[in-house]
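Results of the structural survey
Here is what each chain is made of, one letter per residue.
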Amino acid sequence: MIAEMLSYPFLVRALLGGILVSLCGALLGVSLVLRRYSMIGDGLSHVSFGALSIAVAAGWAPLGVSVPVVVLAAFFLLRITENGKMKSDAAIAMISASSLAAGIVATSLTTGMTTDVSSYMFGSILAMSPGDVRLCAGLSAVVLVLFVCCYDRIFAVTFDESFARATGVNVRFYNGVIAVLTAVTIVLGMQMMGAMMISSLIIFPALTSMRIFKSFRAVVWSSGAVAVICFCLGMMASYRFSTPAGASVVLVNLGAFLLFGAAEKIRGRCRQTG
């Protein structure tokens, strides 16, 4: 079946793009989950959908409009939560609902729910063009390189901002780096998973890995591996049973989470009896 899947160019493009985006989302997700920013992916995906819908309605380049808008939204969310004027969950809910409403209104007043807009809402990974894959590969490489280069600083900011600030780390700058990388990953994953499910690529691998591993480094490595494996298995299930690709990937991630949870309980019982 794998050989048959790889004989189709559009499936190869989907696999390449999906693996890269899944890996980026999983690595960033560890920091976001630990900082209780799990839902920022969901909020930014709705911002991206609103920007993409307006861009499609106006005849502009969707990604050219969406990337800067989502980056600005990420900075705005961080600034609100840093100032303490609004809780992070309330800020995300406010921006998420407003952006989604703006996108729906723009769509209804102009083009209607076209194929392009629908693919950004629900995902259409099989429609990725060679240009989409090249763009995805380039931006994913930038995200991965920056994450690796800033790993120590991201680790410090994730666990204790006050201590990191005291040791000379520019906390605001590295918060901005995390925001930008997350925003880019969300925009790249929109066409693959859709606004409704893109946050799963950020949340599930981190939560799954934390059931077994306790150190930051181990969770990061495990999250990357879990994300890639679950994506490939989800694509295989989608091909085998003719189910939507994005939904299949999410369900495989759910299965991995339950499996790791069961392994954690078994290990705990073994320690108690031993």
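If you're wondering where the values come from, they're calculated on a predicted model, not measured in any experiment.

Brief notes about the side chain of Ser200
Tracing the backbone through its elements, the reader meets Ser200 in helix H11 (residues 199-210). In this view, Ser200 contacts Met193, Pro205 and Val250; residues no more than four positions away in its chain are not counted.

A look at the pattern of salt bridges
Counted under the stated rule, the structure contains three salt bridges. Salt-bridge contacts for Arg35 lead to Glu161; the nearest nitrogen and oxygen are separated by 2.6 Å. With Arg35 in the loop between helix H2 (9-34) and helix H3 (40-58) and Glu161 in helix H9 (residues 161-166), the pair connects residues that are 126 residues apart, well separated along the chain. On the accessibility criterion, Arg35 (14% relative accessible area) is buried. Its relative accessible area of 27% is what places Glu161 among the partly exposed residues. With its nearest N and O atoms 2.8 Å apart, the salt bridge here joins Glu264 to Arg211. Highlighted residues: Glu264 in helix H13 (residues 245-273) and Arg211 in the loop between H11 and helix H12 (216-241), separated in sequence by 53 residues.

Regarding the side chain of Ser22
With respect to the element layout, Ser22 can be found in helix H2. What Ser22 contacts, discounting residues up to four positions off in sequence, is Met192, Leu201, Ala227 and Phe231.

So, the packing of H2 against helix H10 (residues 171-193)
At a closest axis distance of 9 Å, the pairing of H2 and H10 adopts a crossing angle of 145 degrees. Regarding H2 and H10, the two cross each other, and that crossing is left-handed. Between H2 and H10, the contacting residues are Gly17, Gly18, Val21, Ser22, Cys24, Gly25, Leu28, Ser31 and Leu32 on the first element and Ile178, Leu181, Thr182, Thr185, Leu188, Gly189 and Met192 on the second. Its residues assigned to classes, the contact of H2 with H10 comprises eight nonpolar, eight polar and no charged.

Some details on unusual backbone geometry
Despite not being glycine, Ser242 has its phi angle at roughly 55 degrees, a positive value. Mapped onto the secondary structure, Ser242 falls in the loop between H12 and H13. The exposure class of Ser242 is exposed, given its relative accessible area of 67%.

So, the packing of helix H7 (residues 130-149) against H10
Running from N to C, H7 and H10 cross one another at 155 degrees; their axes reach a closest spacing of 10 Å. If you check the angle between H7 and H10, you find them roughly antiparallel. Here the hand of the crossing between H7 and H10 comes out left-handed. Facing Asp132, Cys136, Leu139, Ser140, Val143, Leu146 and Phe147 of H7, the residues of H10 in contact are Leu181, Val184, Thr185, Leu188 and Gln191. For the contact of H7 with H10, the residue count by class is eight nonpolar, three polar and one charged.

Rules used throughout
Residues numbered from 1 in each chain as written. Predicted model: local features only at pLDDT ≥ 70, side-chain atom pairs only at ≥ 80, totals over all residues. Heavy atoms only, no water. Helix = DSSP H or I, 4+ residues; strand = E, 2+ residues; numbered from the N terminus. Contact = heavy atoms within 4.5 Å. Salt bridge = Lys/Arg side-chain N within 4 Å of Asp/Glu carboxyl O. Buried < 20%, exposed > 50% of the residue type's maximum accessible area, 1.4 Å probe, protein only. Axes fitted to C-alpha atoms, helices over the stretch in contact; angles between N-to-C directions. Left-handed = near helix turned anticlockwise from the far one by under 90°. Nonpolar A, V, L, I, M, F, W, Y, C, P; charged D, E, K, R; others polar. Parallel < 35°, antiparallel > 145°, perpendicular 65-115°, else oblique.

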